[in-house]
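Structural description and commentary
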There are 2 protein chains.
Amino acid sequence: MIKASICTIGDEILIGQVIDTNSSHLATALEENGILVARMVSFGDRREEIFHNLESELTENDIVITTGGLGPTKDDITKDVLAELSGSTGTYEHAGQLAIIRGILHGRGIDMLPNNRAQARVPDRCEVIPNYLGTAPIMVFRFDSARFGHPATLYALPGVPHEAVGAIPSVLEDIRNHFHLDNILHKNLMVYGIAESALSEKIAAWEDALPNDIHLSYLPNTLTGIRLRLSIYSGDADEEEERLGAKIEELKTLLGDLVYSDHDDTLEETVGRLLKHAGKTLSTAESCTGGEISHLITSVAGSSAYYLGSVISYAVSVKQSVLGVPARIIEQFGVVSSEVAAAMAEGVRQLTGSDYAVATTGLAGPAGDDASNPVGTVWIAVTGPLGTRTVKRLFRNDRKRNIERFSAASLDFLRKYLEEDLMNN
Amino acid sequence: MIKASICTIGDEILIGQVIDTNSSHLATALEENGILVARMVSFGDRREEIFHNLESELTENDIVITTGGLGPTKDDITKDVLAELSGSTGTYEHAGQLAIIRGILHGRGIDMLPNNRAQARVPDRCEVIPNYLGTAPIMVFRFDSARFGHPATLYALPGVPHEAVGAIPSVLEDIRNHFHLDNILHKNLMVYGIAESALSEKIAAWEDALPNDIHLSYLPNTLTGIRLRLSIYSGDADEEEERLGAKIEELKTLLGDLVYSDHDDTLEETVGRLLKHAGKTLSTAESCTGGEISHLITSVAGSSAYYLGSVISYAVSVKQSVLGVPARIIEQFGVVSSEVAAAMAEGVRQLTGSDYAVATTGLAGPAGDDASNPVGTVWIAVTGPLGTRTVKRLFRNDRKRNIERFSAASLDFLRKYLEEDLMNN
């Protein structure tokens, strides 16, 4: 198996100022292509550190991918170290990257300065993959066995997240052209509303009967549930695709409505797809989730096609005056109740004229248990052509996590309602 | 300077399933205490990998902090490796952690099983710092110079984020008791609405005149602006505190209303503090930001004291029917306009009866330039006792980033309005 190391260069990460998300995206892509990510390392951008760390990672791995250290103010040092490490004796200017730099600066209405132009200049022992999203090119250094005891390749990527992530397809293509990778097929099934241990028990017999060449992974995520991934090393791609597909169908039957997608989707994308396909609209009324559900829904590009809007009724007065929740219901059942959640959903549906509505009322914490509910309680309501339905959930996390989990649970409750209603039509 | 390495153990990070946030929190805490974080490393939880990596990090650093690898199903291997590495010959059960485990399980209504109890058992060469937030104890291994050529300490923390972050104060206390740390005083100033280069120019003369023993750091963050941090190695704490305080006052004068806080605050915390202190209330009306502003405001615990709620008017019909934005204004000026932003803010203020309101209307993208505005445009309005004010901003990011930056700009525009109004009272 091909071994890789992912390195981040720069002090911002070491002092905790920036959270490294590039490494995670790179790792996902490498792993899905059957490359073992053996280590991730972050180090500072001083010459000795870069040299020493890269030498050590190249000795132990087939592929080293670095991000960072290539900004216009800092690129000299990283590039110089890479030049030295690779035995480059000169530099050349890469015409393609220079044209990109010129285009980017022109778009910003800025004249090209010498330090901008210098970014297109690279050590002569490196090949360039153009970076269309920024000024620093992607540099590829290939080392033969004489240098580290085995052939090794270093890819130097910019640190800016969308540039680093944008470089992944070209880097993978280059890896495929220079290394022998097994073909791996993956298929995903997204599951929500069941703990990993219970899920594993539920499909134990099915899992035991899986052919040896099909591998099942559990990839849990607090917010999107569990991603079940089936993988196979493919000889004949069509045939293996069919075998995996059949297994996915079996799993779907076993798991029923716990499955919300057979793509690597989020709950908000799934809800959006259902609504868009049916040409229906949605509104939301949020109390304890404070706008997070609306934020998730509108984070999906194109959501204006089905999402009308929301009333965030944080204060009781807004529940009454804007959503029309009757005071007597609040008095009788309390703000955190099935009845208030239902009235909020119905209120916002009427107010906006949407086909469906979802509402939340609960206690995110940290303090504030009410007479009948502990912190972490949420009542969720969904209303639409099938009538109004409510459900109560209890989570025991901190405020931030509670808000996130309330929101995910609401989207999943809505998703089930939509599936049921739209299947009937 | 004391050197530290932060290690994460476990495959979840290496396959990109989980983004490591623990290392960033640990790094911030270490750096603020004058400890140099020289490297961060992630590796898998196989015996040889753990052993080899920890040995190497302990050889090169004074302090090694690990997170992860201590779950109830996986703790045997990490603990075994640590036992071997430390030359432990037996184990002991830590009574304090056992009591905590019992309490946690009791709270969940679960009986204690042997594998729960086993978590309180640790190698005999380690000291335990109790973990009150979870079942796995924090283990401290001290190595004398004979082992790695210098005294070295390893802290093994659980990987669950709130447990790892919760362990930081105790770990720092232990470090302070066993290493000589310089006392460092820091003071922060939070600045929004100016680029790093422009800020650096603006305070260049002041910075040049800083005494040699006072250090200035620029810590930029897309969402919260730039944190300016002044640090000093303190002899006499009171005296140095006073010197730093005087410098902070100079900076405040220089930077005027670009400064929004002299704590390490977010914009939403600052807005919340102003409102709470004045006993005033706020509502919001969001279009392109889709609930993100409301989400930020309500992420602050206690926000129900001043936040009444929001109308997310994603559809034009909701702007008209719920917020009462006149159709003729929309026709005449377009949805993305100063006039519509103002009408939205005034509409939600009237609807909720709040003292202040903030509203946004804009184009987050990716597609959808309108006749007069490119994607990335936002109009922000704030209304209150000083009347209604609007501002136009243009950002050129992807959808997610645009939404975040629109929201931060809105909170900052609101913050300036609040400061001006509340200062007059």
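Since the model is a prediction, treat every value here as computed from it, not as a measurement. (Residues numbered from 1 in each chain as written. Chains lettered and ligands numbered in written order. Predicted model: local features only at pLDDT ≥ 70, side-chain atom pairs only at ≥ 80, totals over all residues.)

**With respect to the overall build of chain A**
Looking only at helices and strands, one finds 17 helices and 17 strands in chain A. Referenced to the eigenvectors of the C-alpha coordinate spread, the extents of chain A come out at roughly 80 × 55 × 40 Å. (Helix = DSSP H or I, 4+ residues; strand = E, 2+ residues; numbered from the N terminus.)

**Observations regarding the interface of chain A and chain B**
Contacts between the two partners involve 47 residues from chain A, matched on the other side by 47 residues from chain B. Taken together, the elements giving at least two residues each to the side of chain A that touches chain B come down to α1 (11-14), α2 (22-32), β2 (36-43), α13 (292-298), β14 (307-313), α14 (316-321), α16 (338-352) and α17 (399-423) of chain A. Each residue belonging to the side of chain A that touches chain B can be placed in one class, and the counts come to 21 nonpolar, 20 polar and 6 charged. Where β2(A) and strand β2 (residues 36-43) of chain B come together, 5 bridges link them in antiparallel fashion. Note on β2(B): the bridge partner recorded for A:Phe43 is B:Arg39. (Contact = placed C-beta atoms within 7 Å. Nonpolar A, V, L, I, M, F, W, Y, C, P; charged D, E, K, R; others polar. Pairing = 2+ DSSP bridges.)

**A few points about the sheet that holds strand β8 (residues 152-157) of chain B**
Strand pairing in a sheet takes place through backbone hydrogen bonds and is either antiparallel or parallel in direction. Across the sheet, 12 strands lie side by side as β6(A)-β7(A)-β8(A)-β3(A)-β1(A)-β2(A)-β2(B)-β1(B)-β3(B)-β8(B)-β7(B)-β6(B); this open sheet has mixed pairing. Pairing within the sheet leaves two strands with one partner each, and these edge strands are β6 (126-129) of chain A together with β6 (126-129) of chain B. In this sheet, neighbouring strand axes are inclined to one another by 20 degrees on average, regardless of whether the strands run parallel or antiparallel. Relative to strand β7 (residues 138-143) of chain B, β6(B) runs antiparallel, the two sharing 4 bridges. Within β7(B), the position partnered with B:Val128 by the bridge is B:Met139. (Axes fitted to C-alpha atoms, helices over the stretch in contact; angles between N-to-C directions.)

**Focus on the sheet that holds strand β17 (residues 389-394) of chain A**
A sheet is described by the order of its strands in space; here 10 strands give the open sequence β17(A)-β16(A)-β15(A)-β13(A)-β14(A)-β14(B)-β13(B)-β15(B)-β16(B)-β17(B), paired in mixed fashion. Here the strands that pair on one side only, and so sit at the sheet edges, are β17 of chain A together with β17 (389-394) of chain B. Along the sheet, successive strands turn relative to each other by an average axial angle of 15 degrees, direction set aside. With respect to the sheet, α16(A) is in contact with β13 (282-286), β14, β15 (356-362), β16 (377-383) and β17 of chain A, its orientation differing from that of β15(A) by roughly 145 degrees.

**Let's talk about the pairing of strand β1 (residues 3-9) of chain A**
Residue and element names in this part refer to chain A. Across the 7 residues of β1, 6 count as buried, placing the element largely inside the fold. Where β1 meets strand β3 (residues 63-67), 5 bridges bridge the pair, whose relative direction is parallel. Opposite Ala4, over in β3, you have Ile63 as the bridge partner. (Buried ≥ 20, exposed ≤ 12 C-beta atoms within 10 Å, placed from the backbone.)

**So, unusual backbone geometry**
A cis amide bond links A:Gly365 with the next residue in sequence, A:Pro366, at an omega value of 5 degrees. Inspection of the secondary structure puts A:Pro366 in the loop between β15 and β16.

**Topic: the domain arrangement of chain A**
Taken domain by domain, chain A holds domain 1 (3-178), domain 2 (184-261) and domain 3 (267-423). In this structure, domain 1 of chain A and domain 2 of chain A have C-alpha centres spaced 35 Å apart. (Domains from an automatic or database assignment.)

**Concerning the environment of B:Leu254**
Here B:Leu254 is to be found in helix α11 (residues 237-255). C-alpha of B:Leu254 to C-alpha of B:Leu172: the two residues are 82 residues apart in sequence and 35 Å apart in space.

**Some points on the nonpolar core**
Core analysis: the largest hydrophobic core is formed by 125 residues, its most contacted members being A:Met344, A:Ala345, B:Met344 and B:Ala345. Setting aside residues no more than four positions away along its own chain, A:Met344 makes contact with A:Ala285, A:Ser313, A:Lys319, A:Leu323, A:Val325, A:Ala359, A:Thr361 and A:Ala381. (Core = buried A, V, L, I, M, F, W, Y, C linked by C-beta atoms within 7 Å.)

**A short note on the packing of α2(A) against helix α8 (residues 161-178) of chain A**
Residues and elements named next belong to chain A. Taken N-terminus to C-terminus, the directions of α2 and α8 make an angle of 20 degrees; their axes are 10 Å apart at the nearest point. Taken together, the axes of α2 and α8 are roughly parallel relative to one another. For α2 against α8, the interelement crossing comes out right-handed. Across from Asn22, His25, Leu26 and Ala29 in α2, the residues of α8 making contact are Pro161, Ala164, Val165, Ile168 and Leu172. (Parallel < 35°, antiparallel > 145°, perpendicular 65-115°, else oblique. Left-handed = near helix turned anticlockwise from the far one by under 90°.)

**What about the relation of the copies chain A and chain B?**
Superposition of chain A onto chain B requires a rotation of 180 degrees combined with a translation of 0.1 Å along the rotation axis, giving an RMSD of 0.1 Å. In symmetry terms, the pair is related by a two-fold rotation axis. When you check the interface residues of chain A against chain B, 100% turn up at the interface there too, and the contact is symmetric in its surfaces. (Least-squares fit on C-alpha atoms with pLDDT ≥ 70 in both.)

**Things to note about the pairing of strand β10 (residues 214-221) of chain A**
All names here are of chain A. Pairing of β10 with strand β11 (residues 225-233) involves 8 bridges; the strand directions are antiparallel. Bridging from a neighbouring strand, His215 pairs with Ser231 of β11. The hairpin formed by β10 and β11 contains 3 residues between the paired strands.

**Looking at helix α2 (residues 22-32) of chain B**
Three or more residues of α2(B) are buried, namely B:Asn22, B:Ser23, B:Ser24, B:Leu26, B:Ala27, B:Leu30 and B:Glu31. Where α2(B) is buried, its residues meet α1 of chain A together with β1 (3-9), β2, β3 (63-67) and α8 (161-178) of chain B. Phi turns positive one or two residues past the end of α2(B), at B:Gly34, with a value near 80 degrees.

**Remarks on the environment of B:Ser197**
Relative to the helices and strands, B:Ser197 is located in helix α9 (residues 196-202). Along the sequence, B:Ser197 and B:Glu48 sit 149 residues apart, while their C-alpha atoms lie 47 Å from each other.

**Brief notes about the confidence of the model for chain A**
Averaged over all residues, the pLDDT of chain A is 93; the fraction at 70 or higher stands at 98%. Quick note on the complex model: pTM equals 0.90, ipTM equals 0.89. (pLDDT = per-residue confidence, 0-100.)

**A look at the environment of A:Leu282**
Residues and elements named next belong to chain A. Here Leu282 lies in strand β13. On a C-alpha basis, the gap between Leu282 and Phe395 in space is 26 Å, while along the polypeptide they are 113 residues apart. Ignoring sequence-local partners within four residues, the contact set of Leu282 consists of Leu275, Tyr306, Tyr307, Leu308, Ser354, Tyr356 and Ala357.

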